Amino acid sequence: MTQPKVCAFGDDPMVVRNTFAQFPSGVAVLAVDIGGEKHALVASSFMVGVSLEPCLVAVAVQKSSETWGLIKDAGSLGVSIFGRGQGDLLRKLASKDRAARFEQVAIEVGDEGAVFIEDAALWLECSIHEISDAGDHWMALLEVKQLGVGESEPLVWHGAKFRELVDA
Ligand SMILES: Cc1cc2nc3c(=O)[nH]c(=O)nc-3n(C[C@H](O)[C@H](O)[C@H](O)COP(=O)(O)O)c2cc1C
């Protein structure tokens with residue numbers, strides 16, 4: 001007898017998490033400087049190509065995120081997609097100690113306060129387009145104002161591990 005492809009997943013969130021973890025993604029950090037204080041929100045839910053005109057990208061943010069409360073009204077958000085070899089930097093920027101996140105991190109700050117991480121795979125400068133309710137997350141659509149590509153290949157997040165791209 002063949003195994004069924006799908007089954008009910010009950011109310012165990014780990015089953016859902018472990019299944020979703022099999023979906024590979026890049027990882028972004030949304031970062032902004034507000035009055036000299038820098039804030040970072042690391043997100044693997046980030047996606048590009050939601051719309052080309054206007055140019056929209058999206059990110060799902062946990063409603064419990066303290067950082068989101070601080071950055072959601074910023075006029076300009078920096079988005080950096082982590083590059084190959086930036087796994088330790090990613091963990092630092094996602095650490096619980098919010099004050100220590102930017103210690104010894106090489107960044108560039110735009111005129112409007114968008115913060116960009118050096119040596120990332122790509123960068124976007126965005127403004128908030130729309131925020132909607134998505135269960136235990138907020139779904140934020142961001143409008144891309146400017147963009148650039150770095151020299152590094154992107155880091156891949158898969159199975160709760162950092163991976164690298166290889167040609168198939
Ligand atoms: C690899 C990775 C991916 C993450 N993806 C998301 C995400 O898509 N959305 C989100 O809200 N938080 C995500 N987080 C958690 C946040 O980066 C952050 O730790 C959390 O929001 C708590 O910090 P805060 O209260 O300062 O926001 C991710 C963390 C890691 C390490």
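Residues numbered from 1 in each chain as written. Predicted model: local features only at pLDDT ≥ 70, side-chain atom pairs only at ≥ 80, totals over all residues. Heavy atoms only, no water.

*Asks:* Which residues make up the site of the ligand, and what are the values?
*Replies:* Surrounding the ligand, one finds 15 residues, the nearest of these being V42, S45, Q62, S65 and T67. One nitrogen or oxygen atom from the main chain of Q62 is found 2.7 Å from an oxygen atom belonging to the ligand. The separation between an oxygen atom of the ligand and a polar main-chain atom of A94 is 3.4 Å. Coverage of the ligand by the protein chains reaches 80% of its 620 Å² of free accessible surface. Those elements that provide at least two residues to the shell around the ligand are β2 (37–43), β4 (56–62) and α2 (66–71). If you tally residues by element for the shell around the ligand, the top one is β4, at three residues. The residue makeup of the shell around the ligand, split by class, is seven nonpolar, five polar and three charged. (Near = heavy atom within 4 Å. Polar contact = N/O pair within 3.5 Å; in protein donor to acceptor, adjacent residues only side chain to side chain. Areas by Shrake-Rupley, 256 points an atom, 1.4 Å probe, with all protein chains shown as cover. Helix = DSSP H or I, 4+ residues; strand = E, 2+ residues; numbered from the N terminus. Nonpolar A, V, L, I, M, F, W, Y, C, P; charged D, E, K, R; others polar.)

*Asks:* Mind laying out the packing of aromatic side chains, listing which residues take part and the relevant values?
*Replies:* This structure, assessed with the given rule, holds one aromatic pair. Each ring, one from W157 and one from F162, has its centre 5.0 Å from the other, and the planes form 45°; the classification is tilted. Given the relative accessible area of 25%, F162 is considered partly exposed. Cation over ring: K63 sits above W138, and NZ or CZ is 4.5 Å from the ring centre. (Phe/Tyr/Trp six-rings, centres within 6.5 Å; stacked < 30°, edge-to-face > 60°. Buried < 20%, exposed > 50% of the residue type's maximum accessible area, 1.4 Å probe, protein only. Lys NZ or Arg CZ within 6 Å of the ring centre and 35° of its normal.)

*Asks:* Help me get a handle on the pattern of salt bridges, residues and values and all.
*Replies:* The final tally for this structure, using the stated rule, is six salt bridges. A salt bridge links K72 to D73, with the shortest nitrogen-to-oxygen separation between them at 3.3 Å. Overall, K72 belongs to the partly exposed group, its relative accessible area being 32%. Across the salt bridge formed by R84 and E164, the nearest N and O atoms sit 3.1 Å from each other. Taken together, the residues span a long stretch of sequence, with R84 in the loop between β5 (77–81) and α3 (87–93) and E164 in the segment after β11 (161–163) at a distance of 80 residues. Via salt bridges that share partners, R84, E153 and E164 belong to a single interconnected network. (Salt bridge = Lys/Arg side-chain N within 4 Å of Asp/Glu carboxyl O.)

*Asks:* Mind laying out the nonpolar core, listing which residues take part and the relevant values?
*Replies:* If you look at the biggest cluster of nonpolar residues, it comprises 20 residues, and the most contacted ones within it are L30, F46, V59, V79 and L142. Within the residue set of this core, elements represented by two or more residues are β1 (28–34), β2, β4, α2, β5, β8 (122–134) and β9 (137–149). Each residue touching L142, except ones within four places of it in the same chain, is listed here: L30, F46, C55, L56, V57, V59, L77, V79, C126, S127, I128 and H129. Ranked by size, the runner-up nonpolar core spans 13 residues in total, among them V27, A40, L89 and I117. (Core = buried A, V, L, I, M, F, W, Y, C linked by side-chain atoms within 4.5 Å. Contact = heavy atoms within 4.5 Å.)

In short, geometric facts, not functional conclusions.
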